[in-house]
Amino acid sequence: GTNKTFAERKDIVFVGGYQHPPNVDAVQYFAGEIMPLLRKELPGVRFYAVGSRPPPEIQALASEDIIITGFVEDLTPLLDKMCVSVAPLRYGAGIKGKIGTAMAVGLPVVATSLAAEGMSLTDSENILVADGSEAFADAITKIYRDEALWNRISQNGLMFADKAWGAEAAWRILAAILADLDIDE
């Protein structure tokens with residue numbers, strides 16, 4: 001969780017290591033197709049691309065409103081300043097740590113349907129899902145301007161993260177594994 005309110009936050013963040021090609025593609029897509037739309041709707045908004053080993057093509061995107069941070073040791077202080085986390089993935093599969101990390105600190109996420117796939121998330125309840133650059137920019141703009149929506153997605157995301165990935169969930173999973181092995185808890 002976090003103590004930072006909607007009013008204390010600004011800007012957009014993407015978190016992902018650049019050794020994974022879908023993350024390189026996602027940042028290039030966001031910078032090239034979504035950011036130009038956001039510049040019109042949210043003047044002054046900045047996009048932080050966080051992740052280890054940004055290749056030259058990612059470093060080349062750096063500008064006044066696109067900040068390429070490289071690896072960040074402790075994400076929490078940075079995430080606490082952000083208004084929205086994004087997962088504009090166009091390919092790749094599996095549980096997305098970038099989504100879980102943001103949700104676990106109460107940071108609302110806008111993701112493509114592919115990014116949210118397989119995580120049991122619900123659009124407009126604990127995440128916003130949008131496909132295509134215009135729909136993605138619209139979803140960011142909507143949550144960036146709507147404090148009530150931001151608070152609802154933040155709280156629901158936090159509760160989902162705790163239920164799905166928190167300590168209690170880990171104990172439930174361990175108990176089920178032990179039961180399957182006929183080992184008493």
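Residues numbered from 1 in each chain as written. Predicted model: local features only at pLDDT ≥ 70, side-chain atom pairs only at ≥ 80, totals over all residues. Heavy atoms only, no water.

A. Up close: the overall build of the protein chain. A count of helices and strands for the protein chain gives eight helices and six strands. Across the protein chain, helices and strands are ordered from the amino to the carboxyl terminus as β-α-β-α-β-α-β-α-β-α-β-α-α-α. A burial count over the protein chain gives 47% of its 185 residues as buried. Sequence separation of at least 24 residues holds for 66% of the intrachain contacts in the protein chain that already meet a minimum separation of 6. Carbon together with sulfur atoms contributes 53% to the accessible area of the protein chain, which is approximately 9400 Å² in total. (Helix = DSSP H or I, 4+ residues; strand = E, 2+ residues; numbered from the N terminus. Buried < 20%, exposed > 50% of the residue type's maximum accessible area, 1.4 Å probe, protein only. Contact = heavy atoms within 4.5 Å. Areas by Shrake-Rupley, 256 points an atom, 1.4 Å probe, with all protein chains shown as cover.)

B. Representation of the pairing of strand S4 (residues 84-87). Here S4 shows a buried face lined by Val84 and Val86 and a second buried face lined by Ser85 and Ala87. Pairing between strand S1 (residues 12-15) and S4: two bridges, direction parallel. Residue pairing across strands places Val13 opposite Ser85, the latter belonging to S4. (Pairing = 2+ DSSP bridges.)

C. Looking closely at the environment of Arg53. With respect to the element layout, Arg53 can be found in the loop between strand S2 (47-50) and helix H2 (56-59). For Arg53, a relative accessible area of 63% puts it in the exposed group. Separated by 35 residues in the primary sequence, Arg53 and Tyr18 place their C-alpha atoms 5.7 Å from one another. Once residues lying within four places of it in the same chain are set aside, the contact partners of Arg53 are Tyr18 and Gln19.

D. Expanded view of the sheet that holds strand S6 (residues 128-129). Read across the open sheet, the six strands follow the order S3-S2-S1-S4-S5-S6; overall the sheet is parallel. Strands at the two margins of the open sheet, each flanked by one partner only, are strand S3 (66-70) and S6. Examined bridge by bridge, S2 and S3 share four bridges and lie parallel to one another. Each bridged residue has a counterpart across the sheet, and for Tyr48 the counterpart in S3 is Ile67.

E. Region of the structure containing helix H6 (residues 133-145). Here H6 contains 13 residues, and its C-alpha end-to-end distance of 18 Å stays within 8% of the 18 Å for a straight helix at 1.5 Å per residue. If you check which residues of H6 are buried, you get Ser133, Phe136, Ala137, Ala139, Ile140, Thr141, Ile143 and Tyr144. (Expected span 1.5 Å × (residues − 1).)

F. The nonpolar core, seen in detail. Counting 59 residues, the largest nonpolar core has Phe30, Leu38, Phe47, Val86, Ile99 and Ile140 as its most contacted members. Ranked by the residues each element gives to this core, the list is headed by helix H1 (residues 21-41), at nine residues. (Core = buried A, V, L, I, M, F, W, Y, C linked by side-chain atoms within 4.5 Å.)

G. Up close: the packing of aromatic side chains. For the structure shown, the criterion picks out three aromatic pairs. Pairwise contacts between aromatic rings join Phe30, Phe47 and Phe136 into one cluster. (Phe/Tyr/Trp six-rings, centres within 6.5 Å; stacked < 30°, edge-to-face > 60°.)

H. Just unusual backbone geometry, in detail. Positioned with a positive phi, Arg53 is a non-glycine residue whose angle comes to about 55 degrees. One non-glycine residue with positive phi stands out, namely Ser120, at about 60 degrees. On the secondary structure map, Ser120 appears in the loop between helix H5 (113-116) and S6. Exposure remark for Ser120: the relative accessible area of 62% places this residue in the exposed category.

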